[in-house]
Amino acid sequence: MPDALSSRARWAALVVVCFAQFMVVLDATIVNVALPSIQTDLDLSTEQLQWIVNAYTLLFGGFLLLGGRAADLIGRRRLFLIGIALFSAASAANALANTGEVLIIARGVQGLGAALVSPAALSIITTTFAEGKDRTRAMGVWGAIAGAGGAFGLLLGGILTDVLSWPWIFVINVPIGIGTALAALRYVPESRGVMTHRRFDLAGAVTVTAGLIVLVYAIVKAQEKGWGSRHTLGLSAVAVALLAAFVLIESRSVAPLVRLGIFRIRTLATANTILFIVVGGLFGMFFFATLYVQQILGYSPLEAGFAFLPVTFGIIAGAGLSQQLIQRIGVKPTVLIGLTLAAAGLIVLAATTKVDGSYLGILFGLVPMSIGMGSTFVPLTLVATTGIEAEDAGLASGLFNTFQQVGGALGLAVLSSLAASQTSSYLSGLGGAPSPHDQQAALVEGFQLAFTVSAGLMIVGVVMAAVLLRTRDLARIDATQPVMVGA
């Protein structure tokens, strides 16, 4: 395929798929700044609000691996176009939503569209550019677009919400989607993978996604129903049954979504487990810090967008720093330093989150946290994808992204439930009707607990990395290879 296309045609195809990836990454962050406005307009509880994030994340993570395989089977451009259409239609539905339920459902469909677009776009790049300098350059552009989309999403979300209204954060996807689809029809070539078994593991994708959704719902409702209630235990049992069915399906499928034997690779299993645990803290930080600066500090959406730009730049700076540290001191020390720095930042964030706090105060926590997480992603990516056979390279990369999305969703569900319980406990202990100051203090109590637990997740990651990452397992890692964070 690379030889069949001119250099100009290949780079035109890259521009098209990068536009789509930009839209997907943009949507992951553009919503954060608009959350308080959405909560006010649709009269949502914090419990309902986190589903606007998790509906997207769970469907994205749950169907990501299926999207990658489907792209090889039915055609990469075809699936890319289907994903763009689904994503754009769901974006329009989000913009028109007048209830929380409609918005949450449409966000889930949007996540499904993203799960088709992202792996199809990446596979188009790998089949369009041959290995070597051109592919490295193309992947560099891809990674830069992912980083820029995250940063720009925060700012654009603030501008659109402040100047127009929150539905416009979804409206913007529609013309981008239409333009990208039309350009793909002209510039992106069609291709398919050579497969022995041309089958979809749809049952595997459905059972794992359904199991995760039920589990998250059980966790979120536990604050209201009680952790030991029949409601919580019953839903947890259903979730376990669905996830067990997924494992059974994968063990017997001719073409499994996840070849379970891959988890015997110690480096892959360890890196993904650490990522699964610590990324919940990152998702929780964005969620609760966004609520804090707008609901407590009184920032407008635009001001909040600017307020979180240092976090994005900190992650990018940390990623660059980590590639130097890996070459000088090694992979394991870099992971330990990054997670320790992130934990310290979250501890500071918990201490400086107050009713009468200031942005400067929380900035002292946000900056080290973001640099620490940026420093962690690169070495963990190397650990998770090194020592993998060529036929499992796509699966290993897909698993890393899936664990990131699913870990973030489950972590946010747990943190939201704990924060809500802390807020309710504070209010119930007042013995009377709460004043506006009391209500703010109650929210801050929940935020502080969420940040503290997030720090605890980072510390667990430090311990796991110290114990489970063995020097002999990391000896094969090539510290000179480029790693694109967010790609």
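What counts as what
- Residues numbered from 1 in each chain as written.
- Predicted model: local features only at pLDDT ≥ 70, side-chain atom pairs only at ≥ 80, totals over all residues.
- Heavy atoms only, no water.
- Helix = DSSP H or I, 4+ residues; strand = E, 2+ residues; numbered from the N terminus.
- Buried < 20%, exposed > 50% of the residue type's maximum accessible area, 1.4 Å probe, protein only.
- Contact = heavy atoms within 4.5 Å.
- Areas by Shrake-Rupley, 256 points an atom, 1.4 Å probe, with all protein chains shown as cover.
- Phe/Tyr/Trp six-rings, centres within 6.5 Å; stacked < 30°, edge-to-face > 60°.
- Axes fitted to C-alpha atoms, helices over the stretch in contact; angles between N-to-C directions.
- Parallel < 35°, antiparallel > 145°, perpendicular 65-115°, else oblique.
- Left-handed = near helix turned anticlockwise from the far one by under 90°.
- Nonpolar A, V, L, I, M, F, W, Y, C, P; charged D, E, K, R; others polar.
- Expected span 1.5 Å × (residues − 1).
- Arc of directions from axis to C-beta.

Asks: How should I be thinking about the overall build of the protein chain in this particular structure?
Replies: Broken down by element type, the protein chain carries 17 helices and zero strands. Every one of the 487 residues in the protein chain was classed for burial, and the buried ones make up 53%. In the protein chain, the share of contacts with a sequence separation of at least 24, taken over all contacts with a separation of at least 6, comes to 85%. For the protein chain, the computed accessible surface area is about 19,500 Å², with 65% contributed by carbon and sulfur atoms.

Asks: Got a minute to help me understand the packing of aromatic side chains in this structure?
Replies: Within a pair of aromatic rings, the relevant descriptors are the distance that separates the centres and the angle that separates the planes. With the rule as written, the count across this model stands at eight aromatic pairs. Between Tyr-56 and Phe-60 the ring centres are 5.9 Å apart and the planes differ by 65 degrees, which places this aromatic pair in the edge-to-face class. Of this pair, Tyr-56 and Phe-60 both sit in helix 2 (residues 46–74), separated by four residues, roughly a single helical turn. Each member of the pair, Tyr-56 as well as Phe-60, is classed as buried. Among the aromatic residues, those joined into a cluster by ring pairs are Phe-287, Phe-288, Tyr-292 and Phe-447.

Asks: What is the right way to read the packing of helix 3 (residues 76–96) against helix 7 (residues 173–187) from this model?
Replies: When two helices pack together, you describe them by how their axes are tilted relative to each other and by the distance separating the axes. Their axes nearest at 9 Å, the elements helix 3 and helix 7 cross at an angle of 165 degrees. By the angle between their directions, the pair helix 3 and helix 7 is classed as roughly antiparallel. Where helix 3 crosses over helix 7, the handedness of that crossing is left-handed. For the pair helix 3 and helix 7, contact is made by Arg-77, Phe-80, Leu-81, Ile-84, Phe-87, Ser-88, Ser-91 and Ala-92 and by Asn-173, Val-174, Gly-177, Ile-178, Thr-180, Ala-181, Ala-184 and Leu-185, respectively. Partitioning the contact of helix 3 with helix 7 into residue classes produces ten nonpolar, five polar and one charged.

Asks: What am I meant to see in the side chain of Thr-334 here?
Replies: Looking at the secondary structure, you find Thr-334 in helix 13 (residues 331–352). Dropping the residues within four chain positions of it, Thr-334 is found in contact with Ser-322, Leu-325, Ile-326, Ile-329, Ser-375 and Pro-379.

Asks: For this particular structure, what's the right way to read helix 7?
Replies: Structurally, the α-helix is built with 3.6 residues per turn, so residues lying three or four positions apart point the same way. Taking 1.5 Å as the rise per residue, helix 7 with 15 residues should run 21 Å; its terminal C-alpha atoms sit 20 Å apart, in good agreement. Listed in full, the buried residues belonging to helix 7 are Asn-173, Gly-177, Thr-180, Ala-181 and Ala-184. Taken down its axis, helix 7 places every buried residue within 100 degrees of arc, on the same side. Pointing more than 90 degrees away from the buried face of helix 7 are the exposed residues Pro-175, Leu-182 and Arg-186.

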